[in-house]
Amino acid sequence: MNNIDTNLFGNVSSPDDFGEILEITAMHSDRRRNVYMWRGQGNIDWPIHSSAYRRLMKKYSPKVSEDNMRRYEKGLLSSAAHQGYDHDNGRKLSDLEVLAKLQHHGAATRLVDFSRNILVALWFACNSEPEKTGLLLGIHTRYLGGYEGELGDGEYDLVLGDDSIRNLDYPQSWQPPVVTKRIAAQGAQFLYSAVSSDPMGSLAFDKRNEAFISLALSPKFKKYMLLLLEGTFDIRHLTLFPEIDGFCYTNSDRFKPSSNHRWKSEDRYNKIIVSPFCR
């Protein structure tokens with residue numbers, strides 16, 4: 001295993017195979033419960049920013065404040081309520097649930113996507129920016145607020161107000177309810193915090209060595225890992241996005257007709273008539 005110097009995360013390990021990642025996480029646990037929340041990014045030079053922070057940077061660059069974020073999210077919630085998106089199956093959603101719903105469908109919020117499953121995070125890190133060194137980030141749950149399986153009750157000021165997160169230097173963790181197949185497949189977990197000005201990103205998290213793991217994933221490792229994830233663990237686009245959008249994407253003209261079949265031969269598949277649906 002090699003070590004490389006990075007602009008944001010300092011000197012970090014760069015594994016050559018999956019076994020070395022397991023060794024690092026086992027050693028890093030230091031006899032604690034070895035539970036992390038994991039995030040994968042295609043480029044290790046990207047800070048850990050929420051999508052809302054990146055959106056607000058277009059207006060408030062070079063710095064977005066917590067007040068900017070609060071005004072933006074309250075406006076977003078108001079607009080969503082006007083469209084009726086604050087209800088689901090006749091139930092009034094909490095503000096945190098609305099933000100999660102909006103995030104799920106592509107809106108920019110302060111919620112940062114993590115996974116409870118390291119394999120899922122590895123896929124996201126390896127599946128984009130193939131020529132760049134990627135990042136696998138794990139934050140130990142000992143250094144997070146929140147618990148597993150909690151309902152996101154509470155209005156915005158109660159959950160995200162001045163008396164809740166502004167004075168905390170660690171993220172809150174929230175597990176969204178399994179209302180879609182995608183949330184279940186990806187082991188979805190949201191982390192959020194007051195806006196941080198740390199160079200590592202706008203998500204505030206403890207920077208002590210025992211609080212997190214950061215690993216550099218080389219382009220060569222990304223290629224190797226994607227094959228391992230698909231072949232051994234069945235972690236791929238079709239299984240991580242098990243809804244119609246994911247199905248249609250994996251059956252689009254971006255991929256060969258046989259790309260979704262892990263052991264069916266190309267010659268045999270070519271004899272099958274392919275339906276033009278979702279073209």
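See the structure shown above.
First, a word on what this report is: a plain description of the structure on this page. (Residues numbered from 1 in each chain as written. Predicted model: local features only at pLDDT ≥ 70, side-chain atom pairs only at ≥ 80, totals over all residues. Heavy atoms only, no water.)

## Side note on the pattern of salt bridges
Note the threshold: Each salt bridge in this description consists of a side-chain nitrogen of Lys or Arg and a carboxyl oxygen of Asp or Glu lying within 4 Å of one another. Helix and strand definitions follow DSSP, with helices as H or I runs of at least four residues and strands as E runs of at least two, each counted in order from the N terminus. Between buried and exposed lies partly exposed: a residue is buried under 20% and exposed over 50% of the maximum accessible area for its type, with that area taken using a 1.4 Å probe on protein chains only.
For the structure on display, the rule yields 13 salt bridges. Of the charged contacts in the structure, one is a salt bridge between Asp67 and Arg166, with a shortest N-O distance of 3.0 Å. One end of the pair, Asp67, is in helix 3 (residues 66-82); the other, Arg166, is in the loop between helix 6 (156-160) and strand 8 (172-174), and 99 residues separate them in sequence. Among the residues examined, Asp67 registers a relative accessible area of 39% and is labelled partly exposed.

## Observations regarding the nonpolar core
Note the cut-off: In plain words, nonpolar cores are sets of buried Ala, Val, Leu, Ile, Met, Phe, Trp, Tyr and Cys residues tied together by side-chain atoms within 4.5 Å. A contact between two residues is defined here by any heavy atoms of the two lying within 4.5 Å.
Within the largest apolar cluster, 26 residues are counted, with the highest numbers of intra-cluster contacts made by Met69, Tyr72, Leu99, Leu111, Leu160 and Tyr192. Of all elements in the fold, only helix 2 (51-60), helix 3, helix 4 (95-104), helix 6 and strand 9 (188-192) reach the threshold of two or more residues within this core. Among all residues touching Tyr72, those that are not within four sequence positions of it are Ala52, Arg55, Leu56 and Ala108. In terms of nonpolar packing, the next biggest core, distinct from the first, is built from 23 residues, Ile24, Tyr36, Leu119 and Ile235 among them.

## Focus: helix 8 (residues 219-233)
Under the convention used in this document: For a helix, the expected span equals 1.5 Å multiplied by the residue count minus one. The directions considered for the arc run from the helix axis to the C-beta atoms.
With 15 residues, helix 8 extends 20 Å between its outermost C-alpha atoms, agreeing within 8% with the 21 Å of an ideal straight helix rising 1.5 Å per residue. Residues of helix 8 that are buried: Phe221, Lys222, Met225 and Leu229. Buried residues in helix 8, looked at end-on, bunch into an arc of 100°, giving them a common side. Along helix 8, exposed side chains directed more than 90 degrees from the buried face belong to Lys220, Lys223, Leu227 and Gly231. As for helix 8, its buried residues are in contact with helix 1 (18-28), helix 5 (118-126), strand 7 (134-140) and strand 10 (212-217).

## A word on the environment of Asn7
So the rule is basically this: Pairs of N or O atoms are called polar contacts if they sit within 3.5 Å, as long as, within protein, a hydrogen donor faces a hydrogen acceptor (for residues adjacent in sequence, only side-chain-to-side-chain pairs).
Here Asn7 is to be found in the loop between strand 1 (2-6) and strand 2 (10-14). Assessed through its relative accessible area of 69%, Asn7 is described here as exposed. Note: C-alpha distance between Asn7 and Pro47 (40 residues apart in sequence) is 9.8 Å. At 3.4 Å, the side chain of Asn7 forms a polar contact with the side chain of Asp45.

## Examining the side chain of Thr109
Here Thr109 shows up in the loop between helix 4 and strand 6 (112-115). If we ignore the near neighbours within four places in the chain, the residues touching Thr109 are Ser50, Ser51, Ala52, Glu73, Leu76, Leu99 and Gln103.

## Focus: empty space enclosed by the protein
Rule in force here: Definitions used throughout: a 1 Å grid over protein atoms alone; a cavity as a set of points that fits a 1.4 Å probe which cannot get out; a pocket as an open set with protein on both sides within 12 Å along at least five of seven lines; a lining residue as one with an atom within 4 Å of a point. Grid points are joined across faces, edges and corners, and a volume is the space filled by probe spheres set on the points. Only Asp, Glu, Lys and Arg are considered charged in this grouping, and only Ala, Val, Leu, Ile, Met, Phe, Trp, Tyr, Cys and Pro are considered nonpolar; every other residue, Gly among them, is considered polar.
Applying the stated criterion across every chain, the model contains one cavity of 30 Å³ or more. By volume, the largest cavity amounts to about 70 Å³. Looking at the largest cavity, the residues that line it are Ile48, Ser50, Tyr53, Met69, Arg110, Val112, Tyr192, Ser193, Ala194, Val195, Ser202 and Leu203. Here the lining of the largest cavity is built from residues that sort into eight nonpolar, three polar and one charged.

## Some details on the pairing of strand 3 (residues 36-41)
Going by this rule: A pair of strands is treated as paired once DSSP finds two or more bridges between them.
Counting buried positions over the six residues of strand 3 gives six, a clear majority of the element. Burial of strand 3 is two-sided: the residues Tyr36, Trp38 and Gly40 facing one way and the residues Met37, Arg39 and Gln41 facing the other way are all buried. When strand 3 meets strand 7, the two strands line up antiparallel, connected through six bridges. Within the sheet, the bridge partner assigned to Met37 lies in strand 7 and is Ile139.

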